[in-house]
Amino acid sequence: MRRFYLTPLAAICGITLSHLGYAAEAPPAEQSIERINVIGTNPHRYQTSSGNSLFGQELEYLEMPRVIDVLPEQLLLDQKVTELEDALRNVPGVSLSDGFGGSNNDYLIRGFRRNTIYRDGLRIASNFRVNTSNLESIRVIKGPASITYGQVEPGGLVDVITKKPLDERRLYSEVRAGSWDNYMFQGDLSTPIGDKAAVRANVSLQDSGYFRDNFDIKRNVIALTGRYDLSSSTRLTASYEYRDEFRSFDRGTMTVATANGREIVNRLMDIPRSRRFGDDSEEIDTRFEFSSVGLNHLFANGWQLDIRAAWENTYSNDLQSRPAAELITDASAPIVDGFITSPDFNNHVKPYYEDGDRIFLARRTDGNREYQRHADYQQLRLTGDWQLAGMTHRLAFGADRNNYHDARYFIATPITMGTPATGALFDIANPVYGMLPTELPTEGAERIHAATEDYGFFANDYLQLTEQLSVLFGGRWDFSDVDGDGPADTVNEFSPQVALNYRLLDNLSAFVSYSEAFAPNTTFKLEANGQSSETELFPPENSKQYEVGAKGQFFEGKLNSSLAVYKIEKDNVLTQVDNEFQLVKGQQSQGVELNINGQPLPGWTVMAGYAYTDAEISTGNNAGNRPRNVAEHTASLWTSYEFHQGAWQGVGAGVGAFYMGDRFGDDNNSWRLGSYTTVDLSLWYTLPVAYDGNIRLQLSAKNLFDEEYYSASGGDLRVSVGSPRSMFASVSATF
């Protein structure tokens, strides 16, 4: 029978609907059950399923004519993942972007930058960092996925799947400590309530420093979920998450002009990785609430109806030390404590850096103040099978609506120019902090508003033509409406998909697919004084992908592998030329991806991948160049082994190597970030305790060989600095 989980807080604050299957029936009381107590990690916690994430109805791994990479919760625990970017290192074809000072999760898939994060299949309005402590798995869907998901970039999307109530009682807790005073506690309790209900609660508390100077992270999360069976065929589900997060804002390091082009200053000068070019006052302070409710009904004929509604409320303030320009001078320039002291100063300014020169930054303080976002989501799915002409049609129909409203102030101070009236310049070699304003009053400022409503309808049909050959075809009609005064307030677009899947052998299939994606072109004009704005909507972006590939399952289905070759084209991209917006051809990408993951033998886990990404800008002055942050080659390998018997029972170890190829730091391809490889290591020992539980002791190292690298570029004056070696120790208990 199904069980219920509904917390009073979730019931009051709002709730989510999840599509969940029936629990297995209990065996007869007289049946003898053999119980096996395994000391160590439950192997089922590594097993994953792509589920209904792309089609709308369940498809097996070899049936799905597309590539979906799934990262399970146990992998996140083994690798001590606290940020989404750490998890995405395991996915071939993913490069990192800079995340705007670390305030959000930012990445590129198959050469295209993400436009949003999805949560349990819903396109979330907020762009803040993902809470990984409440994740059951992470799904990375490659290529256009607008049919089911709506507006997406053509490279793919990330859908984070949150934890749901379990059928059995389970208690997990962990205490973690690591480098830079990094402390974290996690608690996870799931329990059935009678025969019809179940509840689950997750709590996470983090108080952490970082290798960057004067950098703090404080993140407190509570997540509640529940389910209740109204009948044997109808289930109600609900969830609520509250997050309070503070983190320092960090734009990383910078580049500087040299005689041979731009170069990262840390490679030219004695500047440590820990040094920030911002001030201690930089911050982003966020409060996030997400609640949902859902209903799943199974009809007598096997069809299912899913209805979900969700609500999101966000409040935040950020304060940034924004670099506006670099200034290079000779060593004798008349600048003391950041102030110009002589009228002949211009005679000391140089066009590019040479050994012994000085580098200054002109900066300002700015930020979004009293930022508020409210969003509501509605989603409907109807799925089932239909027999026609002796063939089985597996059908999925859906409709969804997303409604967003933002309100904020944007405040900026004047740019420092080295004079008493404007403020001091910042000397990156001999920094003086505390010279910028730390307050951004909103009195007299105009509040900026933006509103968007998106809705769409889709239909998919997975048709079994023969025992070996299947065809998937479908389409989606999207509509987007913004509250603006531009050339158009509403746009709509139809996106089709078609795919063939052929079962070559019982454990091997081949597929070919064509799909399209849609994304609206919305501009947001902010006046120079930051006091007014205008939102405009232009004809939408269009993109399409051609893909061919093969999938295999080995070791009795315990090891999955895939090989895919693709080409993506993106057109109708909105760009700004001479202060005017124009629609141009955008970008194309083609490549090859290989992926292997699973548990081929008891105790042995492997996840490996390689991707070649040939991305190219299609038009403008940078036509033919590779987009910034896109690596041609990416590769990763994580493998672990745990002894489940013998004298070493409970001992386990995991090692991972993650390679990121060389990337350009700008679309002009004028400077490079470089390539890098980081190695992680984890060692653990699991020992049994009473009540069928266990305690796990773990020691982990990230970037074991202390590789110095630069993970992403946000521009010439915003380069993300990779984390040096860090160590973590943890104690966890499961009952």
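Throughout this document, residue positions are counted from 1 along each chain, in the order its sequence is written. pLDDT decides what is reported in this predicted model: residues at 70 or higher carry local features, side-chain atom pairs at 80 or more are listed and counted, and totals for whole chains, interfaces and linings draw on all residues regardless. With hydrogens and water stripped out, all remaining heavy atoms of the structure feed into the side-chain values.

Visitor: I'd like to hear about the packing of aromatic side chains, residue by residue, with values.
Guide: A pair of aromatic rings is counted whenever rings of Phe, Tyr or Trp (Trp by its six-membered ring) have centres within 6.5 Å, and the orientation is called stacked for planes under 30 degrees apart, edge-to-face for over 60 and tilted otherwise. Tallied over the full model, the rule gives 19 aromatic pairs. Each ring, one from Phe457 and one from Phe479, has its centre 6.4 Å from the other, and the planes form 80°; the classification is edge-to-face. Taken as a pair, Phe457 in strand β24 (residues 448–464) and Phe479 in strand β25 (residues 469–482) lie far apart in primary sequence, 22 residues in all. Remark: exposure states derive from per-residue accessible area (1.4 Å probe, protein chains only) relative to the maximum for the residue type, with buried under 20%, exposed over 50%, and partly exposed in between. For Phe457, a relative accessible area of 45% corresponds to the partly exposed category. Put simply, a charge is over a ring when the Lys NZ or the Arg CZ is close to the ring centre, within 6 Å, and near the line of the ring normal, within 35 degrees. Above the ring of Phe288, the side-chain terminus of Arg243 is found at 4.6 Å from the ring centroid. Against the face of Tyr61 rests Lys551, its NZ or CZ located 4.8 Å from the ring centre. A helix here means a DSSP run of H or I that spans at least four residues, while a strand means a run of E at least two residues long, and both kinds are numbered starting from the N terminus.

Visitor: Break down empty space enclosed by the protein for me, citing the residues and quoting the values.
Guide: Any empty space left between atoms is shown by rolling a water-sized probe over those atoms. Whether a set of points on the 1 Å grid over the protein atoms alone is a cavity depends on a 1.4 Å probe fitting there but being unable to get out, while an open set qualifies as a pocket with protein on both sides within 12 Å along at least five of seven lines; lining residues are those with an atom within 4 Å of a point. Grid points are joined across faces, edges and corners, and a volume is the space filled by probe spheres set on the points. Counted under the stated rule, the structure contains 14 cavities of 30 Å³ or more. Space inside the second largest cavity adds up to approximately 180 Å³. Residue lining of the second largest cavity: 15 residues in total, with Ile117, Arg119, Val130, Arg243 and Phe288 positioned closest to the centre. Secondary-structure elements contributing two or more residues to the lining of the second largest cavity are β9 (156–162) and β14 (234–247). In this count, Pro and Cys sit with the nonpolar residues alongside Ala, Val, Leu, Ile, Met, Phe, Trp and Tyr, while Asp, Glu, Lys and Arg are called charged and the others, Gly among them, polar. Its residues placed into classes, the lining of the second largest cavity shows 7 nonpolar, 4 polar and 4 charged.

Visitor: Tell me about the confidence of the model for the protein, and name the residues and values.
Guide: Values of pLDDT, ranging from 0 to 100, describe the predictor's confidence in every residue of the model. Within the protein, residue pLDDT values average 88, and 88% of them lie at 70 or more. Whether two residues are in contact is decided by their heavy atoms: any pair within 4.5 Å suffices. Considering only residues more than four positions removed or in separate chains, one finds that residues 1–36, a stretch of pLDDT under 50, has 112 contacts. For the stretch residues 528–532, pLDDT sits under 50, and the model shows 11 contacts to residues farther than four places along the chain or on other chains.

Visitor: A description of the nonpolar core should follow, citing residues and the corresponding values.
Guide: We define the nonpolar core as a collection of buried residues of types Ala, Val, Leu, Ile, Met, Phe, Trp, Tyr and Cys that are connected through side-chain atoms lying within 4.5 Å of one another. By size, the foremost hydrophobic cluster in this structure holds 22 residues, and its most contacted members are Leu84, Tyr107, Ile138, Val158 and Val160. Those elements that place two or more of their residues in this core are α2 (73–78), α3 (84–88), β3 (94–96), β4 (107–109), β8 (135–142) and β9. Apart from residues lying up to four places away in sequence, Tyr107 is in contact with Leu84, Leu88, Val94, Ser95, Leu96, Ser97, Phe112, Arg113, Arg114, Thr116, Ile117 and Val158. Among the nonpolar cores identified, the runner-up in size contains 19 residues, and Leu54, Ile141, Phe458 and Ala517 belong to it.

Visitor: Any chance you could break down a nonpolar patch on the surface for me, citing the residues and the numbers?
Guide: For patches, a residue must show more than 30% relative accessible area and have no salt bridge; joins then use 9 Å for like charges and 5 Å for nonpolar side chains, namely Val, Leu, Ile, Met, Phe, Trp and Tyr. Using the Shrake-Rupley algorithm and a 1.4 Å probe, accessible areas are obtained, with residue cover drawn only from the displayed protein chains. A pair is scored as a salt bridge if a Lys or Arg side-chain nitrogen falls within 4 Å of a carboxyl oxygen belonging to Asp or Glu. Where nonpolar side chains cluster on the molecular surface, the patch consists of Leu500, Val512, Val548, Leu563, Val565, Val592, Leu594 and Tyr610 and spans about 590 Å² of accessible area. Among the elements of the structure, β29 (559–571) and β32 (587–601) are those that each provide at least two residues to the nonpolar patch. The topology assignment puts Leu563 in strand β29.

Visitor: Before we move on, could you go through the sheet that holds β8 and cite the residues and values that matter?
Guide: Paired strands are those between which DSSP finds at least two bridges. Across the sheet, which stays open at both edges, the 5 strands sit in the order β2-β8-β9-β6-β7 with mixed pairing between neighbours. Two strands close off the open sheet at either side, each with one partner strand: β2 (68–72) and β7 (122–123). Pairing of β2 with β8, which is carried by 5 bridges, proceeds in the antiparallel orientation. The residue bridging Pro72 from the neighbouring strand is Ser137, located in β8.

Visitor: Before we move on, could you go through the environment of Ile222 and cite the residues and values that matter?
Guide: Inspection of the secondary structure assignment puts Ile222 in strand β13 (residues 217–231). Separated by 35 residues in sequence, Ile222 and Gly187 place their C-alpha atoms 9.5 Å apart. Ignoring anything within four residues of it in the chain, the contact list for Ile222 reads Asn202, Val203, Tyr240, Glu241 and Tyr242.

Visitor: Could you give an account of the sheet that holds β3, naming the residues involved and the relevant values?
Guide: What the 3 strands build is an open sheet, ordered β3-β4-β5; its pairing is antiparallel. A strand with exactly one partner marks an edge of an open sheet, and here the two such strands are β3 and β5 (112–113). As paired elements, β3 and β4 share 3 bridges and run antiparallel to each other. If you follow Leu96 over to β4, its bridge partner there is Tyr107.

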